[in-house]
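Below are the chains, spelled out letter by letter.
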Amino acid sequence: MTETEVQNPLARFEITAEEIFRVVAVFYARIRNHDVLGPIFAAHVTDWPEHEEKIAGFWRNAILRQRSYSGNPMRVHVSRPDVKAEHFPLWLGLFHEVLRAELPERTALQWGALADRIGEGFRTGVVAMRQPKDQPPKLF
């Protein structure tokens, strides 16, 4: 861990930017080979190194509180009709596998809990924002 990260009182938990990038790279290598998720990502990601850098920035922002990401990930997910609510548990399951393989147990659990909250928010948003306005709400 670098001196800056150790002294960052806003960080959610101890992890380095390098560890974040490694997890992101390993995760997306697995995504590209996943039977269900791989084709969905391939339809939207044309530059994998750029995408991985952007997502690593998202996680550095979320975990280390670095100002390393700007964007609206909810809008991105909702605007892609092939991204469905049932894909999020697959995504999270794979992400947890990578976390457990790449990080110490405590860090993997901490990041996994954060990913679960964010993933559930995206899943809920995808369902809610695609719901017809004139129909009763879908219950999850």
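This structure is a prediction, so every number in the text was calculated from the model and none was measured.

**Section: the overall build of the protein chain**
Line of reasoning, step 1. On a plain count of helices and strands, the protein chain comes out with 7 helices and 0 strands.
Line of reasoning, step 2. The N-to-C order of helical and strand elements in the protein chain reads α-α-α-α-α-α-α.
Line of reasoning, step 3. Computed over its C-alpha atoms, the radius of gyration of the protein chain comes to 16 Å, within 12% of the 14 Å expected for a compact globule of 140 residues.
Line of reasoning, step 4. Over its C-alpha atoms, taken along the principal directions, the protein chain stretches across nearly 55 × 30 × 25 Å.
Line of reasoning, step 5. Counting over 140 residues, the protein chain shows a buried share of 40%.

**A look at helix α4 (residues 48–64)**
Line of reasoning, step 1. Counted at 1.5 Å a residue, the expected span for α4 with its 17 residues is 24 Å, and the 23 Å between its end C-alpha atoms agrees.
Line of reasoning, step 2. In terms of residue burial, α4 counts as a mostly covered element, since 12 of its 17 residues are buried.
Line of reasoning, step 3. Three or more residues of α4 are buried, namely W48, H51, E52, I55, A56, G57, F58, W59, R60, A62, I63 and L64.
Line of reasoning, step 4. For α4, the N-terminal capping position is held by D47, with its side-chain oxygen 3.1 Å away from the main-chain nitrogen of E50.

**Concerning the nonpolar core**
Line of reasoning, step 1. Counting residues in each nonpolar core, the largest one holds 37 residues, and the members touching the most others are I20, I31, W59, I63, W91, F95 and W111.
Line of reasoning, step 2. Contributions of two or more residues to this core are made by α2 (17–33), α3 (37–44), α4, α6 (87–102) and α7 (105–129).
Line of reasoning, step 3. Per element, the largest residue contribution to this core is 8 residues, and it comes from α4.
Line of reasoning, step 4. Apart from the residues within four sequence positions on either side, W111 is in contact with F13, I15, I20, V23, W59, I63, F95, L99 and L103.

**Observations regarding the pattern of salt bridges**
Line of reasoning, step 1. Counting across every chain of the model gives 5 salt bridges.
Line of reasoning, step 2. A salt bridge links R32 to E52, with the shortest nitrogen-to-oxygen separation between them at 3.1 Å. Of the two residues, R32 is situated in helix α2 and E52 in helix α4; the sequence distance between them amounts to 20 residues.

**Quick word on α6**
Line of reasoning, step 1. Look at α6: 23 Å from first C-alpha to last across 16 residues, which is about the 22 Å you get at 1.5 Å a residue.
Line of reasoning, step 2. Restricting attention to buried positions, one finds in α6 the residues H87, F88, W91, L92, L94, F95, H96, V98 and L99.

**Some points on the packing of aromatic side chains**
Remark: the centre distance and the inter-plane angle together describe each pair of aromatic rings, the angle taken between the planes.
Line of reasoning, step 1. Across all of its chains, the model carries 12 aromatic pairs by this definition.
Line of reasoning, step 2. For the pair F58 and Y69, a centre-to-centre distance of 5.3 Å together with 85 degrees between the ring planes defines the contact as edge-to-face. One end of the pair, F58, is in helix α4; the other, Y69, is in the loop between α4 and α5 (73–78), and 11 residues separate them in sequence.
Line of reasoning, step 3. Aromatic rings pair up to connect F27, Y28, F41, W48, F58, W59, Y69, W91, F95 and W111 into one cluster.

**Re the layout of surface pockets**
In this approach the atoms are scanned with a rolling probe the size of a water molecule, which exposes any empty space left behind.
Line of reasoning, step 1. When its volume is computed, the largest pocket comes out at roughly 740 Å³.
Line of reasoning, step 2. Lining the largest pocket are 28 residues, and of these F41, H51, I55, V76 and H77 sit closest to its centre.
Line of reasoning, step 3. Put simply, the parts of the chain that give the lining of the largest pocket at least two residues each are α3, α4, α5, α6 and α7.
Line of reasoning, step 4. If one sorts the elements of the lining of the largest pocket by residue count, α4 sits on top with 6 residues.
Line of reasoning, step 5. The class makeup of the residues in the lining of the largest pocket is 16 nonpolar, 8 polar and 4 charged.

Procedures and definitions
Residues numbered from 1 in each chain as written. Predicted model: local features only at pLDDT ≥ 70, side-chain atom pairs only at ≥ 80, totals over all residues. Heavy atoms only, no water. Helix = DSSP H or I, 4+ residues; strand = E, 2+ residues; numbered from the N terminus. Rg over C-alpha atoms; globule rule 2.2 N^0.38 Å. Buried < 20%, exposed > 50% of the residue type's maximum accessible area, 1.4 Å probe, protein only. Expected span 1.5 Å × (residues − 1). Polar contact = N/O pair within 3.5 Å; in protein donor to acceptor, adjacent residues only side chain to side chain. Core = buried A, V, L, I, M, F, W, Y, C linked by side-chain atoms within 4.5 Å. Contact = heavy atoms within 4.5 Å. Salt bridge = Lys/Arg side-chain N within 4 Å of Asp/Glu carboxyl O. Phe/Tyr/Trp six-rings, centres within 6.5 Å; stacked < 30°, edge-to-face > 60°. 1 Å grid on protein atoms, 1.4 Å probe; cavity = no way out; pocket = protein on both sides within 12 Å on 5 of 7 lines; lining within 4 Å. Points joined across faces, edges and corners; volume = space filled by probe spheres on them. Nonpolar A, V, L, I, M, F, W, Y, C, P; charged D, E, K, R; others polar.

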